[in-house]
Amino acid sequence: MTKGVKICLAVAVTIFIAAAVSALWLYRPAESTWVEITQDGKVLYKFDLATFDDEQVQRIRIDSPDGGYNIIEIGEGNTIRISEADCPDKTCVKTGVLRSEGVPIVCLPHKLVIKYTDSPEVEK
Amino acid sequence: MKTKRLAELSMLTAAALIMFIVELQLPDLSAIQGVKLGLANIFTVYAVYRFTPKETFLLVLTRILLGSIFAGKIMAMIYSLAGGMLCLLGMLLLKKVIPINYMWLCSIFGAIFHNTGQIAAAIAITRSFAVVANYPILLVTGCIAGAFTGLCAQFVVQRLTNTTLKKEKDE
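Residues numbered from 1 in each chain as written. Chains lettered and ligands numbered in written order. Predicted model: local features only at pLDDT ≥ 70, side-chain atom pairs only at ≥ 80, totals over all residues.

Considerations on the packing of helix α1 (residues 3-26) of chain A against helix α5 (residues 103-126) of chain B
Between α1 of chain A and α5 of chain B, whose axes approach to 10 Å, the crossing angle comes to 40°. Relative to α5 of chain B, the element α1 of chain A is oriented oblique. Our pair here, α1 of chain A against α5 of chain B, has a crossing hand that is left-handed. Only Leu105, Ile108, Phe109 and Ile112 of chain B of α5 of chain B make contact with α1 of chain A, whose side of the interface consists of Val5, Cys8, Leu9, Ala12 and Ile15 of chain A. A class-by-class count of the residues in the contact of α1 of chain A with α5 of chain B yields 9 nonpolar, no polar and no charged. (Axes fitted to C-alpha atoms, helices over the stretch in contact; angles between N-to-C directions. Helix = DSSP H or I, 4+ residues; strand = E, 2+ residues; numbered from the N terminus. Parallel < 35°, antiparallel > 145°, perpendicular 65-115°, else oblique. Left-handed = near helix turned anticlockwise from the far one by under 90°. Contact = placed C-beta atoms within 7 Å. Nonpolar A, V, L, I, M, F, W, Y, C, P; charged D, E, K, R; others polar.)

Description of the domain arrangement of chain A
Residue and element names in this part refer to chain A. We note that the domain assignment places domain 1 (1-30) and domain 2 (34-122) within chain A. The C-alpha centroid of domain 2 is placed 31 Å from the C-alpha centroid of domain 1. Opposite the 5 residues of domain 1 that make contact, domain 2 presents 6 residues. Split into classes, the residues belonging to the side of domain 1 that touches domain 2 amount to 4 nonpolar, no polar and 1 charged. (Domains from an automatic or database assignment.)

Observations regarding the interface of chain A and chain B
Many descriptions give the size of an interface as the accessible area lost when the pieces come together. Counting from both sides, the interface comprises 29 residues of chain A and, opposite them, 26 residues of chain B. Going through the elements one at a time, α1, α2 (91-95) and β7 (112-117) of chain A are the ones with two or more residues in the side of chain A that touches chain B. Per-element accounting of the side of chain A that touches chain B gives the leading share, 12 residues, to α1 of chain A. Tallied by class, residues from the side of chain A that touches chain B come to 17 nonpolar, 8 polar and 4 charged.

What about unusual backbone geometry?
Residues and elements named next belong to chain A. The phi torsion at Asp40 lies on the positive side, around 55°, for a residue other than glycine. Backbone geometry at Lys111 places phi at a positive 55°, although glycine is not the residue there. Assignment of secondary structure puts Lys111 in the loop between β6 (105-107) and β7. Under the C-beta neighbour-count criterion, Lys111 is labelled buried, with 20 such atoms within 10 Å. (Buried ≥ 20, exposed ≤ 12 C-beta atoms within 10 Å, placed from the backbone.)

Written out as structure tokens, the structure reads:
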């Protein structure tokens, strides 16, 4: 094993451990109940999930400028997910319920992002 | 010699394409976009050590272009290109430091570069840093997948050198 290989191996191991640690950190449960929906960098909606009725299911339809759509569902237990999309891959639907602060629901074809955000109490 | 090389490259491209299509038929490993084995990468790693940079570049470019068309995901081509090209560039540079019997290590770096390229493309397209959240988990799975594909390529090279040596002895 040459010196170059040893350095490369050390770098690879470091990246792997750093990535594993930050992945665990990112997947911690969310503290905030505020959610932000953005499309193409612009904020469309920002609301507090805790203010929604626990048992009622609400749906928001978001039309994308390029003709597609996503249906966002706020369901039981104040959870939010994308329930329907007309994109071919359906990654956003498969992502399921928004759980942690670090991991947003992303729909790449429609440039839609749903994520937890800080409560805007400071601004009020 | 030139024709033989061309035939060999074409065959590798075809084999890489088949692997790529076969992998598409497998169910998604995870809801996170981009988490996959990247079986076609076996051929890229192999080509990096067997062919010139130019030839490898052509192989990867052809595979990505045709693969995206066959898969019917033209949008995904931008991600594939960004990831594939950065991965190739990184592996070609690292090849100078990492000898052929540590191919798997080079492949791990290839996976890291691939994920980096894809995340960069996703940031550029969505104009949001939200996708960065997937980066660590992509790196973890990418390292494992990279080691796997790298080892596959390593075994191919070992088998090939064994048979070639045997043939030379027999002659």
